[in-house]
Amino acid sequence: MEKQLATEILRLRLSQMLINEHYKSGDFKIPVHIALGHETIAVAIDSIMEETDSLICSHRNMHYNLARAKKLRPILLEFLLKDGGLAGSTLGSMNLANEAANIPYTSSILGNNLPVSAGVALSHLVKGDDGVTFVVTGDGAMEEGTFYEVLGIARANDLPLAIIVENNGWSMHTQIDERRSSIDVSGLCAALGVSYEHLSGNDVSKYIEILSKVRKGLKKGEPCVVEVSVSTLGGWYVGEGEDKRFIHPHAGVLPEVSFSSWPILEESVADPVYVLTKQFSEVELKEKAESIATQIQEEVKNI
Amino acid sequence: MRYIEYVNQLIGEATAKTENLVLFGQNIAAGSHLSGLTKGLSVGKGGKIINTTNSETSQTGMGFGLMLQGVPSIFFVKQLDFLLLGVDHLLNTYNFIRQQKPKTSFTIVPIMSDLGYHGVQSSFNNLGDICSLARVPGFSITNSFDAKAIISNHLVAPGFRIITVGQRLFGTEILEVEAEKSAGDQSLFQYSTGEAVTIVCFNLSFPYGVELQKCLEDRGLSSSLFSVNGYTSLDWKLITEDVQKTKKLVIIDDSKSANVSADNLLVEVLSTSPQVLVTKVRHDLPFNGTWLSPNPDTLDIDYEALADKLATGV
């Protein structure tokens, strides 16, 4: 793995942890969806995107915006609705787009961004600019009818469109088995003639390898669904004994997560930062993380 | 020339010269071509014509996606009520995109389901119901003059709007008229200036207004005739000034919804000229829903009686 990729994963993790500290301080008037645990797919998508490619995001978009903007300050200012915000403090968090970084649209509405992404993908064909489109959705949003509709539209028109399904197993505070039967996404895609890939394990190099292959297929008119297994980290337990229950970190402050220059949250492959320890020494990672932590704290100083 | 042929011709002239234009919708390049609305249409260099799947929600969003990327498009919809499936985008996506001040065009052209005998969906025949959700610019086409003005100024112009055509008018001869004045955004037209009565037609009611005006002329009464073709951000100045002179206002509105622009006009008129005699011609729609069964769907107007009433001032 390239060191730069590891650096990016650490930067996204530490930046989100710093944003959470502002949340704890009550600095935000708007709801913010933190995406701890989602760093690998964001870094991988950012790595393979070319100059004319487009990325369409959903309400949980912080990781992609951090990856594409390459800095924290304008994003934090946007969340604080202050001058200098990434979108002039007009979009806040759930709709945060960044046209300059090829994110022309982000939607707060479940399933809404999929049809818009079909239009964006079609625009690349009309303009003949060689661009492809990535749209991010989740295991909850894919229950909306637009998911099925857009698969049909993408196939019928050979759209260069990849639908990234971040499957974290939750829709707000309801787990998949509490709301529906399981969906065989690969089978659904096969029925509609759409390609399918599955990513898991948070190995960013592997993700990049598969996504590069997907991108080549998009260029040949082969739309694709990429289902990514992710764990949204930072959850916590409340109650005692039989009343004890897990709180999934859907939106809002993460009370048990603290900014730390050694930002591993879970010692398993569910945590992209933990996965880095398989390829880099702890000493090297700690040194890098401390450097990034200092750098981003300096970046947002005096906000 | 029939209404639908005239509208189709104007649309065709605009689309043929627009580069990179995408026309899309169900059956637009097959079968009857939406009863002739999209028959023979072509697009300029680089454009596409796409016969789509049955997926109105996604088609609406797709048009906004094209718009975001600077590609103009027109989405043709067989029936206005099909567009109900696109409401998420008409509200949420449009409210995002309008802030980006798009430099290209996205237009939706739905056909108003006002042919009659269409059953339950016929209660929805007012484009204003959809437009008011996010103050979307909307226009109806009722005659030769407004068709030319609205299509030439809006169909492929930067921005988003909805332009509707009335299916009950498709087979009728296009009303050849000339307007004396119009609002700057083609939302309102004045076709004549009279002394005795001000007639204001809403939605697709203009043909009714023309008939009433003829009956008044037979009685020696001159009337001012207006058509309100827009649905949001309306400027009533032309009408209120006219009503102050005639003191008699006839509102003809064939729409069936409870939220109508005509009521806004009434507030404006009566707050400044309370002595004005107002006559409303609208559907009688009892809450028990008996009017939802298949029915003729047209306004049943006794023009002679109405003209007599206006002539005597009773």
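About the criteria used
- Chains are numbered independently. Their residues run from 1 in the order of the written sequence.
- For this description, chains carry letters from A and ligands carry numbers from 1, given in the order in which they are written.
- Where totals are concerned, whole chains, interfaces and linings use all residues; where local detail is concerned, this predicted model gives features only for residues with pLDDT of at least 70, and gives and counts side-chain atom pairs only at 80 or more.
- By convention in this description, side-chain values take in all heavy atoms of the structure and omit both hydrogens and water.
- Numbered from the N terminus, helices here are DSSP runs of H or I no shorter than four residues, and strands are runs of E no shorter than two.
- Atoms counted for the radius of gyration: C-alpha only. Globule rule: 2.2 Å times residue count to the power 0.38.
- Residue exposure (1.4 Å probe, protein chains only): buried if accessible area is under 20% of the type maximum, exposed if over 50%, otherwise partly exposed.
- Residues count as neighbours in contact if any of their non-hydrogen atoms are within 4.5 Å of one another.
- For accessible areas, the Shrake-Rupley method is used with a probe of radius 1.4 Å. Any residue's cover is judged against the shown protein chains and nothing else.
- Charge assignment: positive for Lys and Arg, negative for Asp and Glu; neither His nor the chain ends contribute.
- By convention, the charge on Lys lies at NZ, on Arg at CZ, on Asp at CG and on Glu at CD.
- In this analysis, the protein atoms alone were mapped onto a 1 Å grid. Cavities are point sets where a 1.4 Å probe fits without being able to get out; pockets are open sets with protein on both sides within 12 Å along at least five of seven lines; lining residues have an atom within 4 Å of a point.
- Grid points are joined across faces, edges and corners, and a volume is the space filled by probe spheres set on the points.
- Any residue that is not Ala, Val, Leu, Ile, Met, Phe, Trp, Tyr, Cys, Pro, Asp, Glu, Lys or Arg is counted as polar, Gly included; the first ten are nonpolar and the last four charged.
- Stacked, edge-to-face and tilted are the three classes for Phe, Tyr and Trp ring pairs, Trp counted by its six-membered ring, which pair at centre distances within 6.5 Å; planes under 30 degrees apart are stacked, over 60 edge-to-face, the rest tilted.
- Counted as a polar contact is a pair of N or O atoms within 3.5 Å, where, for protein atoms, one must be capable of donating a hydrogen and the other of accepting one, and residues adjacent in sequence contribute only when both atoms are in side chains.

1. Thoughts on the overall build of chain A
Of regular secondary structure, chain A possesses 10 helices and 10 strands. Computed over its C-alpha atoms, the radius of gyration of chain A comes to 19 Å, within 12% of the 19 Å expected for a compact globule of 303 residues. Along the first, second and third principal axes, the C-alpha atoms of chain A reach 50 × 45 × 40 Å. Here chain A, with 303 residues, has 57% of them falling under the buried criterion. Of the contacts made within chain A by residues no fewer than 6 positions apart, 72% connect residues no fewer than 24 positions apart. Only carbon and sulfur atoms are counted for the fraction: they give 46% of the accessible area of chain A, which is about 12100 Å². Side-chain charges in chain A split into 27 positive and 41 negative, and the spacing between the mean points of these groups amounts to 4 Å.

2. A word on the layout of surface pockets
For the largest pocket, the calculated volume is near 400 Å³. Surrounding the largest pocket, 25 residues form its lining, His59, Arg60, Leu110, Ala141 and His250 of chain A being those nearest its centre. Contributions of two or more residues to the lining of the largest pocket are made by strand S3 (133-138) and strand S5 (170-171) of chain A. Considered as a void within the structure, the second largest pocket measures approximately 310 Å³ in volume. In this structure, the second largest pocket is lined by 18 residues; those nearest its centre are Tyr231, Thr232, Leu234, Ser261 and Asn264 of chain B. When grouped by side-chain class, the residues that make up the lining of the second largest pocket number five nonpolar, 11 polar and two charged.

3. Section: the environment of Leu5 of chain A
With respect to the element layout, Leu5 of chain A can be found in helix H1 (residues 3-24). Those residues within four positions of Leu5 of chain A in sequence are excluded, and the remaining contacts are Val43, Ser47, Val204 and Ile208 of chain A.

4. Some thoughts on empty space enclosed by the protein
A water-sized probe rolled over the atoms picks out the places where empty space is left. Residue and element names in this part refer to chain B. In total, this model carries one cavity of 30 Å³ or more according to the counting rule given. In this structure, the largest cavity occupies an estimated 30 Å³ of space. Taken together, Gln26, Glu56, Phe75, Phe76, Val77, Lys78 and Phe82 form the lining of the largest cavity. Looking at which element gives the most residues to the lining of the largest cavity, the answer is strand S3 (residues 73-77), with three residues. Residues belonging to the lining of the largest cavity are distributed by class as follows: four nonpolar, one polar and two charged.

5. Concerning the packing of aromatic side chains
Residues and elements named next belong to chain B. Under the counting rule described, the total for this entry stands at 18 aromatic pairs over all chains. On the basis of an interplanar angle of 10° and a centroid distance of 6.4 Å, the ring pair of Phe24 and Phe106 is categorised as stacked. Here Phe106 lies in strand S4 (residues 105-112) and Phe24 lies in strand S1 (residues 22-25), a separation of 82 residues in the sequence. The class of Phe24 is buried, set by a relative accessible area of 0%.

6. Notes on the interface of chain B and chain A
Each side of the interface is counted separately: chain B has 24 residues, and chain A has 25 residues. Put simply, chain B and chain A have seven residue pairs in polar contact (both at pLDDT 80 or more) between them. Contributing elements (two or more residues each) for the side of chain B that touches chain A: strand S2 (48-51), helix H2 (56-68) and helix H3 (87-97) of chain B. If one sorts the elements of the side of chain B that touches chain A by residue count, H2 of chain B sits on top with eight residues. Each residue belonging to the side of chain B that touches chain A can be placed in one class, and the counts come to seven nonpolar, 15 polar and two charged.

From the geometry alone we can't say anything about function, so treat these as descriptive.
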